[in-house]
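# Residue-level structural notes
What follows is the residue order along each chain.
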Amino acid sequence: MAGDRLSVVVTRRLPEAVETRMKELFDVELSESDAPLSKAELVSAMNRADVLVPCIADRIDQAMLAQAGDRLKLIANYGAGVDHIDVATARQRGILVSNTPGVMTDDTADMVMALILSVLRRVPEGMAVMQEGNWKGWAPTAFMGGRVGGKRLGILGMGRIGQAVARRARAFGMQVHYHNRRRLHSDIEKPLEATWWESLDQMIARMDVISVNCPHTPSTFHLMNARRLKLMKQQAIIVNTSRGEVIDENALTRMLRAGEIAGAGLDVFEKGREVNPRLRELPNVVLLPHMGSATREGRAEMGEKVIINIKTFADGHRPPDMVVPSML
């Protein structure tokens, strides 16, 4: 592709600075609306572009890729997760896939701590009383939550974000535990003062807080299923800023309603934006609209990575953040 001015189609509105830079570098078609494209619209975009820039809401499956035009050579995803793209089929069709890892690590880890604090300290309940004008004044037993310091935090998935969560949790005085496919090297594990559990079941049963920080893959779908959720202590809470599919949302909802789990903080949901309506009714549940990476700085850096991946590809080289099936 060296020397060519690539045709790039962007599926959603991006930060203004990112869109402007793309216009300078590529023959880019920007989205005039922030609404998700339909399947037909995505297929149409893949037929008129050298590069497609989708985001997590754009599910690109095998059937859609089969209809993609021959000119499509790169899917430069705006985001780190690529579980919404059939990477294996894309590769078979000669289409490279890139993502934007690393730039949202701190932002997402901050949100994990925000959810832990919000659930344990009952922040939304307090806000609701104030906003409704129903506060009767301070009382010794009102809005009593749990202390963060001293709690045992079990991190499910100790990658970049999991490690960033561990550093923050230690600053709050939490005891850090984790389960990972492989144990961390001691040079990483020791400074975090983190305890590794080979058995996920054994870790879950002993934690006060569970933080889900692993990607969604076939092996992690419903990793926190009904059986594992039942292993949690009754006074424990769970937070998820990773992917909703990792938790069996119906089982979690039943247990929260029955008081078998003390609370939950969820930034992602199993059915995307279709949130289980029964979750909305629970005062011990904090629900956020996938805000984990929603900082001006983070979203701008994601755009910069997308541009670097496209520009490197245009110059005839492998995109630095290329995704291959073996990585998933």
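Before any of the text, the structure's been laid out above.
Remember, it's a predicted structure, so these values are computed and weren't measured experimentally.

## Here's the deal with the nonpolar core
If you look at the biggest cluster of nonpolar residues, it comprises 29 residues, and the most contacted ones within it are Met224, Leu229, Met232, Ile238, Leu252 and Leu256. Looking at this core, the elements that each hand over two or more residues are α9 (200-204), β9 (209-212), α11 (249-257) and β11 (263-266). With four residues, the single largest contributor to this core is α11. In contact with leucine 252, not counting residues within four places along its chain, are Leu229, Ile238, Ile247, Ile261, Ala264 and Leu266. With 27 residues, the next largest nonpolar core counts Met111, Val165, Tyr178 and Val239 among its residues.

## Topic: the pairing of strand β1 (residues 7-10)
A two-sided burial pattern is seen for β1, the buried positions comprising Ser7 and Val9 on one face and Val8 and Val10 on the other. Each parallel crossover has a hand, and the one from β1 via helix α1 (residues 16-25) to strand β2 (residues 27-29) is right-handed. Looking at chain direction, β1 and strand β3 (residues 51-53) are connected through three bridges and run parallel. By the bridge assignment for β3, valine 9 is matched with leucine 52.

## Structural notes on the pattern of salt bridges
Taken as a whole and judged by the stated rule, the model has 19 salt bridges. The residue glutamate 281 makes a salt bridge to arginine 257 at a minimum N-O spacing of 3.1 Å. Residue glutamate 281 is located in the loop between α12 (277-280) and β12 (285-287), and its partner arginine 257 is located in helix α11; the two are separated by 24 residues in the primary sequence. We classify glutamate 281 as exposed; its relative accessible area is 54%. Between aspartate 315 and lysine 311 there is a salt bridge, with its nearest N and O atoms 3.2 Å apart. Take aspartate 315: its relative accessible area is 38%, and that puts it in the partly exposed class. The exposure class of lysine 311 is partly exposed, given its relative accessible area of 33%.

## Concerning the sheet that holds strand β7 (residues 175-179)
Reading across the sheet, the seven strands line up as β8-β7-β6-β9-β10-β11-β12 and stay open at both edges, with parallel pairing between neighbours. Of all strands in the sheet, those bounded by a partner on one side alone are β8 (194-196) and β12. In this sheet, adjacent strand axes meet at a mean angle of 20° when their direction is disregarded. One ladder, built from four bridges, connects strand β10 (residues 237-240) with β11; its direction is parallel. Among the inter-strand pairings, isoleucine 237 is bridged to a residue of β11, identified as glycine 263. Helix-sheet contacts for helix α5 (residues 105-120) involve β6 (152-156), β9, β10, β11 and β12, and the interaxial angle to β10 is about 150°.

## Looking at the sheet that holds strand β4 (residues 74-76)
Strand order across the open sheet formed by six strands is β2-β1-β3-β4-β5-β13, with mixed pairing between neighbours. Looking at which strands have only one partner, the edges of the open sheet turn out to be β2 and β13 (322-323). As paired strands, β4 and strand β5 (residues 96-98) are joined by three bridges and run parallel to one another. Residue isoleucine 75 lies in a different strand from β5, and its bridge partner there is valine 97. Of the strands in this sheet, β1, β2 and β3 are in contact with helix α2 (residues 39-48), which crosses β1 at around 165°.

Conventions used here
- Residues numbered from 1 in each chain as written.
- Predicted model: local features only at pLDDT ≥ 70, side-chain atom pairs only at ≥ 80, totals over all residues.
- Heavy atoms only, no water.
- Core = buried A, V, L, I, M, F, W, Y, C linked by side-chain atoms within 4.5 Å.
- Buried < 20%, exposed > 50% of the residue type's maximum accessible area, 1.4 Å probe, protein only.
- Helix = DSSP H or I, 4+ residues; strand = E, 2+ residues; numbered from the N terminus.
- Contact = heavy atoms within 4.5 Å.
- Right-handed = clockwise from strand over helix to strand, strands pointing away.
- Pairing = 2+ DSSP bridges.
- Salt bridge = Lys/Arg side-chain N within 4 Å of Asp/Glu carboxyl O.
- Axes fitted to C-alpha atoms, helices over the stretch in contact; angles between N-to-C directions.

Any functional reading would require information beyond the geometric quantities listed.
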